[in-house]
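Fold and contact review
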Amino acid sequence: MPSSPSASPRSRGAERDHGESAATMLIDAHIHLDAAEFNADRERLIDEARAAGVCGFVVPAVERANFEAVLALTAARTDVCPALGIHPLYVMQAQLEDLDRLDALLGRGAARAVGEIGLDHFVSDIDPARQRKFFVAQLGLARRHGLPVILHVRRAVDPILRELRRVSVLGGIAHAFNGSRQQAEAFIALGFRLGFGGAMTYAGSTRIRELARSLPLESIVLETDAPDIPPAWGRGERNQPANLARYAELLAALRGITVEEVQETTSRNLIDTLGGWQPG
Ligand SMILES: [Zn+2]
């Protein structure tokens with residue numbers, strides 16, 4: 001599509017272009033739609049999400065074994081945006097040749113982002129040196145192919161920021177952000193946006209809620225991470241794509257703005273991060 005959402009300022013009040021309403025458009029910046037948890041009712045859940053106003057889904061891979069599943073979803077649906085990468089929790093089973101496969105797929109233009117990649121220093125039995133090796137290599141691939149990255153960051157904000165300062169990439173998303181204001185600002189300064197979702201729904205998540213309330217809206221994207229990170233109203237259950245609509249309402253309430261502004265701005269942010277990708 002020829003429109004350039006990154007260049008356009010807030011368009012509310014201005015005329016809508018080409019009769020296409022952006023007002024009800026929400027895009028999930030992070031959802032594992034290919035997960036086996038959705039095998040029984042994937043299409044129904046997508047239909048429910050679409051009925052709730054969610055019209056696009058960014059689906060990141062986690063290891064080579066699911067690259068094909070993510071790409072198959074993309075081939076079947078124009079509302080799915082693929083990201084390919086090796087997740088830090090999967091590096092023990094990954095092979096170095098998997099990076100060659102990733103490189104080849106990225107070279108064919110198979111993905112709009114590299115992800116999800118990162119560091120997880122919460123899970124103790126995954127060798128940090130091996131995590132770092134895969135992370136740095138994938139930052140290099142993102143840089144080489146001119147792609148943004150989708151980051152998994154757990155107990156590892158500062159080490160990740162350090163690597164991002166060494167290997168500069170186009171930017172991307174710090175998924176399920178759970179750091180300090182200073183760390184949020186450091187990501188933003190490096191061209192990143194921060195993903196907010198299920199954690200924000202818990203009243204006890206005071207720091208995350210305060211950041212969601214007060215960071216520039218231009219720095220925020222919304223995501224479910226379904227089937228993971230269930231919201232407060234679905235504690236212990238499988239998370240679902242339709243929940244994104246309620247996250248948008250919650251963010252609007254926290255910030256004291258309209259849900260339409262949240263929908264428009266967070267979707268535009270995501271499209272900008274993804275180099276103009278739009279759901280069809
Ligand atoms: Zn994820």
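Figured I'd write up the structure that's included with this text. (Residues numbered from 1 in each chain as written. Predicted model: local features only at pLDDT ≥ 70, side-chain atom pairs only at ≥ 80, totals over all residues. Heavy atoms only, no water.)

1. Details of the coordination of the zinc ion
Quick reminder of the rule: Water is not among the atoms examined, so metal sites may look incomplete; donors are the N, O and S atoms within 2.8 Å of the metal, or within 3.2 Å for Na, K and Ca. Helix and strand definitions here come from DSSP, where helices need a minimum of 4 consecutive H or I residues and strands a minimum of 2 consecutive E residues; each element is numbered from the N-terminal end. Only protein chains enter the accessibility calculation, which uses a 1.4 Å probe; a residue whose area is less than 20% of its type maximum is buried, one above 50% is exposed, and one in between is partly exposed.
Donor atoms from the polypeptide that bind the zinc ion are His-30 (NE2), His-32 (NE2), Glu-116 (OE) and Asp-225 (OD), placed at 2.1 to 2.6 Å. Along the chain, the residues that donate to the zinc ion are spaced as H-x1-H-x83-E-x108-D. Linking His-30 in the loop between β1 (26-28) and α1 (42-51) with Asp-225 in the loop between β8 (220-222) and α8 (243-255), this pair joins segments that are 195 residues apart in sequence. Under the relative-accessibility criterion, His-30 is labelled buried at 0%.

2. Structural notes on the layout of surface pockets
To be explicit about the condition: Points on a 1 Å grid, built from protein atoms alone, make a cavity when a 1.4 Å probe fits but cannot get out and make a pocket when they are open with protein on both sides within 12 Å along at least 5 of 7 lines; residues with an atom within 4 Å of a point are the lining residues. Grid points are joined across faces, edges and corners, and a volume is the space filled by probe spheres set on the points. All residues other than Ala, Val, Leu, Ile, Met, Phe, Trp, Tyr, Cys, Pro, Asp, Glu, Lys and Arg, Gly among them, are scored as polar; the first ten of these are nonpolar and the last four charged.
Reported here for the largest pocket is a volume of approximately 780 Å³. Surrounding the largest pocket, 35 residues form its lining, His-152, His-175, Ala-176, Asp-225 and Ile-229 being those nearest its centre. Of all the secondary structure elements, the ones that give two or more residues to the lining of the largest pocket are β5 (149-154), β6 (172-175) and β7 (192-196). In terms of residues, the lining of the largest pocket owes the most to one element, β5, which gives three residues. For the lining of the largest pocket, the residue count by class is 16 nonpolar, eleven polar and eight charged.

3. Regarding the sheet that holds strand β4 (residues 113-120)
Stated formally: Two strands qualify as a pair provided DSSP detects at least 2 bridges between them. Axes, fitted as lines to C-alpha atoms, cover a helix only where it is in contact. Angles between the N-to-C directions of the axes lie from 0 to 180 degrees. For this analysis, residues touch if any pair of their heavy atoms sits within 4.5 Å.
Judged by pairing direction, the sheet is parallel, and its eight strands sit side by side in the order β1-β2-β3-β4-β5-β6-β7-β8 without closing on themselves. In this open sheet, the two strands that pair with only one neighbour each are β1 and β8. Pairs of neighbouring strands in the sheet enclose a mean axial angle of 30°, with direction left out of account. The strands that helix α5 (residues 157-166) touches are β4, β5 and β7; relative to β5, the one it contacts most, it runs at about 150°.

4. Observations concerning the pattern of salt bridges
Filter applied, for reference: Salt bridge, as used here, is a side-chain nitrogen of Lys or Arg placed within 4 Å of a carboxyl oxygen of Asp or Glu.
For the structure on display, the rule yields 15 salt bridges. In this structure, Asp-98 engages Arg-64 in a salt bridge whose closest nitrogen and oxygen atoms are separated by 3.3 Å. Placement of the pair is Asp-98 in helix α3 (residues 97-107) and Arg-64 in the loop between β2 (54-60) and α2 (67-76), with a sequence separation of 34 residues. Overall, Arg-64 belongs to the partly exposed group, its relative accessible area being 37%. A salt bridge links Glu-264 to Arg-268; its shortest N-O distance comes to 3.6 Å. In this pair, Glu-264 and Arg-268 both sit in helix α9 (residues 259-273), four residues apart, roughly one turn of the helix. The network of salt bridges with common partners includes Asp-41, Arg-44, Glu-48 and Arg-238.

5. Some details on unusual backbone geometry
Here the residue pair Gly-115 and Glu-116 is connected by a cis peptide bond, since its omega of 5° sits within 30 degrees of zero. The residue Ala-176 is not glycine, and still its phi comes out positive at about 50°. With respect to the helices and strands, Ala-176 occurs in the loop between β6 and α6 (181-189). Given the relative accessible area of 27%, Ala-176 is considered partly exposed.

6. Topic: the side chain of Asp-41
Heads up, the condition is: Two N or O atoms count as a polar contact when they lie within 3.5 Å, although within protein this holds only if one can serve as hydrogen donor and the other as acceptor, and sequence-adjacent residues are included solely when both atoms are side-chain atoms.
Structurally, Asp-41 can be placed in the loop between β1 and α1. Look at Asp-41 and you get buried, because its relative accessible area is 15%. Among the polar contacts made by the side chain of Asp-41, one reaches the side chain of Arg-44 at a distance of 3.1 Å.

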